[in-house]
Amino acid sequence: MTRESLLFRLVLACLAGWLWTLSLTAADSFRIASFNVENYVVTRDTNRPLKSPAARARVQASILAIRPDVLALQEIGGTNALLELQAALRSQGLPLPHWDLVTSYDTNIQVAVLSRFPITARRPHTNDWFLLGGRRFRVSRGFAEVDIRVNDRYAFTLINAHLKSRRPIPEADETEMRQEEARLLRQKINARLRVHPNANLVVLGDLNQTKDAYSTRLIVGSGRNALVDTRPAERNGDNLPPERSGYDPRNIAWTHFYGKEDTYSRVDYILLSPGMAREWIRDETFVLALPNWGLASDHRPIVTTLVAADR
């Protein structure tokens, strides 16, 4: 390689970096997504089966279809899986260079974050525990908490959660376990909003229950610190108002299919603090509907969009 060609490549690299930085500071809105990718496992060092190449490709296609700026993941199978997914997305035109992964009691699957924007602080929660029937249990997947700076005018905190599944276990009642995990998560939300009532906070992930379940209501909360449920729904043309006050509209908002019971339910959420809800763009909030979505996961990704400036 000649000196001139090397210099030319260096100039191009600097220019690309400058354009990338400019795009970050100039962003007037940004997109946050959450996706349980169902055992995205790529190495044989866990007791879960490997994700097939076809399923991994479908996960990637789903993410590329929504093009998030910040992506919260559940059931990612460790650092190798996360970095493989990150590299695959980058090679297909979606660079999300900043990442965080939290490994807690369950070492097979983790919660993680990929971000276009810099992660300025990390507060992983991996040692929270609770008592049931005199026995001590840890929050299985922990909670990922990160601060993200979108531009020089806007930053927010993200908490990614994956609560106890509805699968029964012999050690304790799964419903009670999920409620205790939800209680611990709500304590973290309260602590944040008590100090900063107008904080930009998004709590998202797989809560493993419907909206009226006690565990979900614990996390959403009530009063002035209640979180706003963005309730993403399919972009299929449904636009009827709710049937009556207090009801949700009759559009399609399910996020999870449970094959054993042949049921569809909404168990994945993007919840916003009152301060951050002021920036919420409702019309750019949706659940992705793709043909053969189930090849990727038993969950569908959900998306919301926000203005990148405090209102």
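Now for a description of the structure that goes with this document. (Residues numbered from 1 in each chain as written. Predicted model: local features only at pLDDT ≥ 70, side-chain atom pairs only at ≥ 80, totals over all residues. Heavy atoms only, no water.)

## Some remarks on the overall build of the chain
Counted only if it meets this: Put simply, DSSP H or I for four residues or longer makes a helix, DSSP E for two residues or longer makes a strand, and each gets a number counted from the N terminus. Here the globule rule is a power law, 2.2 Å times the number of residues to the power 0.38, and the radius of gyration is based on C-alpha atoms. The buried label applies to any residue whose accessible area, calculated with a 1.4 Å probe on protein chains only, is under 20% of its type's maximum; exposed applies above 50%, and partly exposed to all values in between. Note on areas: Shrake-Rupley with a 1.4 Å probe; residue coverage comes only from the protein chains shown.
Across its full length, the chain holds six helices and 16 strands. Relative to the globule expectation of 19 Å for 311 residues, the C-alpha radius of gyration of the chain, 20 Å, shows essentially globular dimensions. For the chain, the proportion of its 311 residues judged to be buried stands at 51%. Of the accessible surface of the chain, which amounts to about 15100 Å², a share of 52% is contributed by carbon and sulfur atoms.

## Some thoughts on the sheet that holds strand β8 (residues 143-151)
Using the following cut-off: Between any two strands, at least two bridges found by DSSP are needed for them to pair.
Taken in spatial order, the six strands line up as β5-β8-β9-β10-β14-β11 in an open sheet, and their pairing is mixed. Of all the strands in the sheet, just β5 (119-122) and β11 (228-229) have a single pairing partner and so form its edges. Pairing between strand β9 (residues 154-162) and strand β10 (residues 201-206): six bridges, direction parallel. Residue A161 lies in a different strand from β10, and its bridge partner there is G205.

## Observations concerning helix α2 (residues 53-66)
Every α-helix carries 3.6 residues per turn, so stepping three or four residues along brings you back to the same face. So the rule is basically this: To estimate the expected span of a helix, subtract one from its residue number and multiply by 1.5 Å. A contact between two residues is defined here by any heavy atoms of the two lying within 4.5 Å.
With 14 residues, α2 ought to run about 20 Å at 1.5 Å a step, and its terminal C-alpha atoms sit 20 Å apart, in line with that. Turning to α2, its buried residues number three or more, namely A55, R56, V59, Q60, S62, I63, L64 and I66. On its buried face, α2 sits against β1 (29-40), β2 (70-76), α3 (79-91), β15 (280-287) and β16 (302-307). Following α2 by one or two positions, R67 has its phi on the positive side, about 45°.

## Some details on empty space enclosed by the protein
A water-sized probe, rolled over the atoms, reveals where empty space remains. Rule in force here: Definitions used for this entry: grid spacing 1 Å over protein atoms alone; cavity, a set of points where a 1.4 Å probe fits but cannot get out; pocket, an open set with protein on both sides within 12 Å along at least 5 of 7 lines; lining residue, one with an atom within 4 Å of a point. Grid points are joined across faces, edges and corners, and a volume is the space filled by probe spheres set on the points.
Evaluation of the coordinates by the stated rule reveals one cavity of 30 Å³ or more. Computed from the structure, the largest cavity encloses a volume of approximately 50 Å³. Along its surface, the largest cavity is lined by F35, S62, L288, L290, W293, A296, H299, R300 and P301.

## A look at the layout of surface pockets
Our working rule: Note on residue categories: nonpolar means Ala, Val, Leu, Ile, Met, Phe, Trp, Tyr, Cys or Pro, charged means Asp, Glu, Lys or Arg, and polar means any other residue, Gly included.
The calculated volume of the largest pocket comes to roughly 970 Å³. As for the largest pocket, its lining consists of 35 residues, and the residues nearest its centre are R141, K164, S165, R166 and R167. Contributing elements (two or more residues each) for the lining of the largest pocket: β1, β7 (135-138), β12 (256-258) and β13 (263-265). Element by element, the count of residues in the lining of the largest pocket is highest for β7, at four residues. Class assignment of the residues belonging to the lining of the largest pocket gives a composition of eight nonpolar, eleven polar and 16 charged. Each pocket or cavity is described by its volume, and for the second largest pocket that value is around 330 Å³. Lining the second largest pocket are 16 residues; nearest its centre among them are T230, R231, N251, R282 and T285.

## Focus on the sheet that holds β1
The condition that has to hold: Axes here mean lines fitted to C-alpha atoms, for a helix over just the part in contact, with angles spanning 0 to 180 degrees between N-to-C directions.
Sheet architecture is open: six strands sit in the order β3-β4-β2-β1-β16-β15, paired in mixed fashion. Every other strand in the sheet has two partners, leaving β3 (98-102) and β15 as the edge strands with one partner each. Between one strand axis and the next, the sheet turns by 15° as a mean value, whatever way the strands run. As judged from the five bridges shared by β3 and strand β4 (residues 110-115), these two strands associate in the antiparallel manner.

## Description of the side chain of R31
Note the following rule: Whenever a nitrogen or oxygen atom comes within 3.5 Å of another N or O atom, the pair is scored as a polar contact, on the condition that within protein one atom can donate a hydrogen and the other can accept it, and that pairs from neighbouring residues in sequence are kept only if both atoms are in side chains.
Assignment of secondary structure puts R31 in strand β1. For R31, the side chain forms a polar contact with the side chain of E284, separated by 3.2 Å. Sequence-distant contacts of R31, that is, excluding residues within four places in its chain, are made with I66, R67, P68, D69, V70, R235, E284, F286, V303, T304 and T305.

## Examining the pairing of β16
In terms of burial, β16 is a largely internal element, six of the six residues being buried. Judged by which residues are buried, β16 turns out to be covered on both faces: I302, T304 and L306 on one side and V303, T305 and V307 on the other are all buried. Sheet topology places β1 next to β16; six bridges connect them, and they run antiparallel. The residue bridging S34 from the neighbouring strand is I302, located in β16.

## Comments concerning unusual backbone geometry
Positioned with a positive phi, E38 is a non-glycine residue whose angle comes to about 45°. For E38, the location among the structural elements is in strand β1. For E38, a relative accessible area of 28% translates into the label partly exposed. Of note, the phi angle at R67 is positive, near 45°, even though the residue is not glycine. By the secondary structure assignment, R67 is in the loop between α2 and β2.

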